[in-house]
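A look at the structure
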Amino acid sequence: MKPILHSTLFPEVLIVEMKCFHDERGFFFESFHLKDFEAAGLSATFVQDNHSRSVRGVIRGIHYQDMTAPMGKLVRCTLGRIWDVVVDLRAGSPAFGQWYAHELTAENKLQLWCPPGFGHAFLTVSDTAEVQYKCTNYYTPVSEGSVLWNDPDIGIDWPVCGAILSPKDQAAQTLQQYRAKPAFTFPLTG
């Protein structure tokens, strides 16, 4: 089934809706179909699938991989609810440092397409949440970076008090530090 693509604040970032079939047994939907995605204008080759589980209040991100191993992500929540966030990290972009968020849930079955050039983060807003995402490149530790989740220059309005973060995410760079040596430039090439 051809995906329905919904625009966001950023033309490159999309909310992806797939037709879901419900009956007395439960539901079925194709979360990804290469030919249908390409026909809808969303062309991506995925090489890795990731799956995480988090408790309420956990924030993961704001993560990215630089242009030595750029990674796009097709993100969905398969248990619970998350508040999914993208940040424009393309130096020179008119939207540099701006953010967009959308709630992804196991019930709404929406997916978020986060292309290279954007940082990605999410907050678990249910007691637990499981997140699965397809990646366009392999995880490459030397290429990864992160920006501080609560940087006032970005100003994400997180719906949480007392976030739970990994030590790595607590020590992430500020947007000002990132701006001094950006991983991406606008327009994105490569």
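The structure displayed is predicted, hence computed values, not measured ones.

1. What about the pattern of salt bridges?
In this structure the tally under the stated criterion is 8 salt bridges. A salt bridge links Asp88 to Arg90; the shortest N-O distance between them is 2.8 Å. For the pair formed by Asp88 and Arg90, the shared burial category is buried. The partner of Lys168 in a salt bridge is Glu144, with the nearest N and O atoms 3.0 Å apart. Of this pair, Lys168 sits in helix α2 (residues 167–170) while Glu144 sits in strand β14 (residues 144–146), and the two are 24 residues apart along the sequence. Here the residues in one salt-bridge network are Glu12, Asp88 and Arg90, joined through shared partners.

2. Some words on the layout of surface pockets
One number sums up the size of the largest pocket: a volume of about 530 Å³. Taken together, 27 residues line the largest pocket, and the ones lying closest to its centre are His63, Lys73, Tyr133, Glu144 and Lys168. Of all elements in the fold, only β5 (48–55), β6 (59–65), β12 (118–124) and α2 reach the threshold of two or more residues within the lining of the largest pocket. With 5 residues, the single largest contributor to the lining of the largest pocket is β6. Looking at side-chain class alone, the lining of the largest pocket contains 13 nonpolar, 9 polar and 5 charged residues.

3. Overview of unusual backbone geometry
The phi angle of most residues is negative, glycine excepted, and most peptide bonds adopt the trans form. In this structure, the amide linkage connecting Gly61 to the following residue, Ile62, adopts the cis form with an omega of 20°. Along the chain, the position of Ile62 falls in strand β6. Cis rather than trans, the peptide bond between Phe186 and Pro187 has omega equal to -5°. With respect to the helices, strands and loops of the structure, Pro187 is situated in the segment after β15 (184–185). In the Ramachandran plot, Lys109 falls in the positive-phi region, its phi being about 55° despite a non-glycine side chain. Examined against the element boundaries, Lys109 turns out to sit in the loop between β10 (99–105) and β11 (111–114). Taking the relative accessible area as the measure of exposure, Lys109 reaches 11% and is therefore buried.

4. Observations concerning the sheet that holds β6
Reading across from one edge, β10-β8-β12-β6-β14 is the order of the 5 strands in this open sheet, with antiparallel pairing throughout. Two strands in the sheet have a free side with no partner beyond their single neighbour: β10 and β14. Taken over all neighbouring pairs, the strand axes of this sheet differ in orientation by 25° on average, direction set aside. Sheet topology places strand β8 (residues 81–88) next to β10; 7 bridges connect them, and they run antiparallel. Paired with Trp83 across the bridge in β10 is Glu103.

5. Some words on the nonpolar core
Among the nonpolar cores identified, the biggest contains 24 residues, and Trp83, Val85, Leu89, Ile156, Trp158 and Tyr178 are the most heavily contacted of them. When contributions to this core are tallied by element, the ones reaching two or more residues are β6, β8, β12 and α3 (175–180). Apart from the residues lying within four places of it in its own chain, the contact partners of Ile156 are Ile62, Trp83, Val85, Val87, Trp99 and Trp149. Counting residues in each nonpolar core, the second largest holds 20 residues, with Ile15, Val75, Ala129 and Tyr133 among its members.

6. Focus on the sheet that holds strand β2 (residues 14–17)
Taken in spatial order, the 6 strands of this open sheet run β1-β2-β11-β7-β13-β5, and their pairing is antiparallel. Only two strands of the sheet have a single neighbouring strand rather than two, namely β1 (4–7) and β5. In this sheet, adjacent strand axes meet at a mean angle of 25° when their direction is disregarded. Pairing geometry for strand β7 (residues 73–79) and strand β13 (residues 128–135), over 6 bridges, is antiparallel. From the neighbouring strand, Cys77 faces β13, where its bridge partner is Val131.

Conventions and cut-offs
- Residues numbered from 1 in each chain as written.
- Predicted model: local features only at pLDDT ≥ 70, side-chain atom pairs only at ≥ 80, totals over all residues.
- Heavy atoms only, no water.
- Salt bridge = Lys/Arg side-chain N within 4 Å of Asp/Glu carboxyl O.
- Buried < 20%, exposed > 50% of the residue type's maximum accessible area, 1.4 Å probe, protein only.
- Helix = DSSP H or I, 4+ residues; strand = E, 2+ residues; numbered from the N terminus.
- 1 Å grid on protein atoms, 1.4 Å probe; cavity = no way out; pocket = protein on both sides within 12 Å on 5 of 7 lines; lining within 4 Å.
- Points joined across faces, edges and corners; volume = space filled by probe spheres on them.
- Nonpolar A, V, L, I, M, F, W, Y, C, P; charged D, E, K, R; others polar.
- Pairing = 2+ DSSP bridges.
- Axes fitted to C-alpha atoms, helices over the stretch in contact; angles between N-to-C directions.
- Core = buried A, V, L, I, M, F, W, Y, C linked by side-chain atoms within 4.5 Å.
- Contact = heavy atoms within 4.5 Å.

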